[in-house]
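Results of the structural survey
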Amino acid sequence: MAASDWRATRNRQALLRLERALPPIFPAAVLQHALSRPLVPPTPRLAVESFWRSHVLRADRLARALAARSGAPEGWTWRPGAETGGGGAAGFRAPPSPYREAAHLLGRGRCCVCGQPVYRFGWHVDLWGTGIPNRNAGWHSACVAAWKLWLAPSDQIPALKRRQGHRCAVSGKRLLRTAEIDHRVPLYRVWREHRDAPWPSLLAFWGAPNLQVVNRAVHAAKCRDEAGERARLRRASDPDAAADG
Ligand SMILES: [Zn+2]
């Protein structure tokens, strides 16, 4: 069977499954997106996931807006790596996420990233008017997409390149194929200079507001400067190291 025939057959079957499983109320934008995919997602849940995967910058904005509704738990302060139980083991790769820490878990039906209720298919709005969160869910679909962006922004280079009109954020030159992701404010400096900022405003340092795509040579120069700055800081806080170096 030719690939196009295979796809047509598969999409007919997927569409049938999707239509059978679709509730009377379903986000229209998600359905429209699902039907326009080269491979139609066969379940409503997969349709929602596919939607946020394709709109990762929107997911990032939404996750941070939802987190702002929750605010930080009473008495919480940022300790890197606290949510994994290890003091700083995760370093700064993961953003502060109080609702993933054992002391502040909200339980099923609430999103562990933003702290807000999760509804059917991981949706963030109670479109169905039941007032009852989905007890099987601990993440919004949007927050899953945002979390992935925060932890591995390099996987989202195409979306970030589009946002910049395919121009290097530092030099303004056309982005090359080897272009790389850069945190405008490096994450080590977020800890040093912004650690007392209220959560969730801190999340923006991991999200799109602090992400830029730059050409590799520009990035290498910026990393060199940052490494130099970190070495100076280490020497400043450790006179022995200063004597050695
Ligand atoms: Zn969420």
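What you see is a predicted model, and the numbers here were worked out from it, not measured in a lab. (Residues numbered from 1 in each chain as written. Predicted model: local features only at pLDDT ≥ 70, side-chain atom pairs only at ≥ 80, totals over all residues. Heavy atoms only, no water.)

Burial of strand E2 (residues 211-214) is two-sided: the residues Leu 211 and Val 213 facing one way and the residues Gln 212 and Val 214 facing the other way are all buried. As paired elements, strand E1 (residues 180-183) and E2 share four bridges and run antiparallel to each other. Bridge pairing in E2 links His 183 to Leu 211. (Buried < 20%, exposed > 50% of the residue type's maximum accessible area, 1.4 Å probe, protein only. Helix = DSSP H or I, 4+ residues; strand = E, 2+ residues; numbered from the N terminus. Pairing = 2+ DSSP bridges.)

When cut into domains, the protein chain gives domain 1 (1-54) and domain 2 (55-237). For domain 1 and domain 2, the distance between their C-alpha centroids amounts to 29 Å. Taken together, the contact between domain 1 and domain 2 spans 14 residues of the former and 15 residues of the latter. For the pair domain 1 and domain 2, the summed buried area comes to about 1,400 Å², and 69% of that belongs to carbon and sulfur atoms. Sorting the residues of domain 1 by area buried against domain 2 places Ile 25, Arg 45 and Trp 52 first, and these three jointly supply 50% of that buried surface. The interface formed by domain 1 and domain 2 contains zero salt bridges. At the boundary of domain 1 and domain 2, one finds four residue pairs in polar contact (both at pLDDT 80 or more). Elements with a contribution of two residues or more to the side of domain 1 that touches domain 2: helix H2 (28-35) and helix H3 (44-54). The biggest single contributor to the side of domain 1 that touches domain 2 is H3, with eight residues. Each residue belonging to the side of domain 1 that touches domain 2 can be placed in one class, and the counts come to nine nonpolar, two polar and three charged. (Domains from an automatic or database assignment. Contact = heavy atoms within 4.5 Å. Buried area = accessible area lost by both parts, 1.4 Å probe. Salt bridge = Lys/Arg side-chain N within 4 Å of Asp/Glu carboxyl O. Polar contact = N/O pair within 3.5 Å; in protein donor to acceptor, adjacent residues only side chain to side chain. Nonpolar A, V, L, I, M, F, W, Y, C, P; charged D, E, K, R; others polar.)

On to the layout of surface pockets, then. Summary: where empty space remains is shown by rolling a probe the size of a single water molecule over the atoms. Roughly 220 Å³ of volume is contained in the largest pocket. Surrounding the largest pocket, Phe 92, Arg 93, Ile 181, Asp 182, His 183, Pro 186, Leu 187, Tyr 188, His 219, Cys 223, Glu 226 and Arg 230 form its lining. Going through the elements one at a time, E1, helix H7 (187-194) and helix H8 (216-237) are the ones with two or more residues in the lining of the largest pocket. Considering every element that reaches the lining of the largest pocket, the biggest residue donor is H8, with four residues. Counted by class, the lining of the largest pocket contains six nonpolar, two polar and four charged residues. Quantified by volume, the second largest pocket comes out at close to 160 Å³. Along the walls of the second largest pocket sit Arg 45, Glu 49, Trp 52, Arg 53, Val 56, Ser 141, Val 144, Ala 145, Lys 148 and Gln 156, which together make up its complete lining. Taken together, domain 1 (1-54) and domain 2 (55-237) each give at least three residues to the lining of the second largest pocket, which thus spans both. (1 Å grid on protein atoms, 1.4 Å probe; cavity = no way out; pocket = protein on both sides within 12 Å on 5 of 7 lines; lining within 4 Å. Points joined across faces, edges and corners; volume = space filled by probe spheres on them.)

What follows deals with the coordination of the zinc ion. Summarising the metal site, the zinc ion is bound by the protein donors Cys 111 (SG), Cys 114 (SG), His 140 (ND1) and Cys 143 (SG), whose distances to it range over 2.1 to 2.4 Å. One can describe the site at the zinc ion as tetrahedral: its four donor atoms subtend angles covering 95 to 119° at the metal. Binding-site remark: the zinc ion is held by donors from one chain whose sequence spacing is C-x2-C-x25-H-x2-C. Of this pair, Cys 111 sits in the loop between helix H4 (56-70) and helix H5 (141-151) while His 140 is found in the loop between H4 and H5, placing the two residues 29 residues apart along the sequence. On the accessibility criterion, Cys 111 (0% relative accessible area) is buried. Residue His 140 is classed as buried on the basis of its relative accessible area of 0%. (Donors = N, O, S within 2.8 Å, 3.2 Å for Na, K, Ca; no water. Tetrahedral: all angles 85-135°; square planar, octahedral: opposite > 155°, others 65-115°.)

Let's shift gears to unusual backbone geometry. Backbone torsion omega between Trp 199 and Pro 200 reads 15°, so that peptide bond is classified as cis. Tracing the backbone shows Pro 200 in the loop between H7 and E2. Its identity is not glycine, yet Phe 121 carries a phi of approximately 55°, on the positive side. By relative accessible area, which is 14% here, Phe 121 ends up buried.

Turning to the nonpolar core, a few remarks are in order. Counting residues in hydrophobic clusters, the biggest one holds 57 residues, and the most contacted among them are Trp 52, Trp 150 and Val 190. Elements with a contribution of two residues or more to this core: helix H1 (3-21), H2, H3, H4, H5, helix H6 (157-163), H7 and E2. The two domains that each donate at least three residues to this core are domain 1 (1-54) and domain 2 (55-237). The contact partners of Trp 52, leaving out residues within four places of it in the chain, are Arg 58, Ala 59, Leu 62, Trp 123, His 124, Ser 141, Ala 142 and Ala 145. (Core = buried A, V, L, I, M, F, W, Y, C linked by side-chain atoms within 4.5 Å.)

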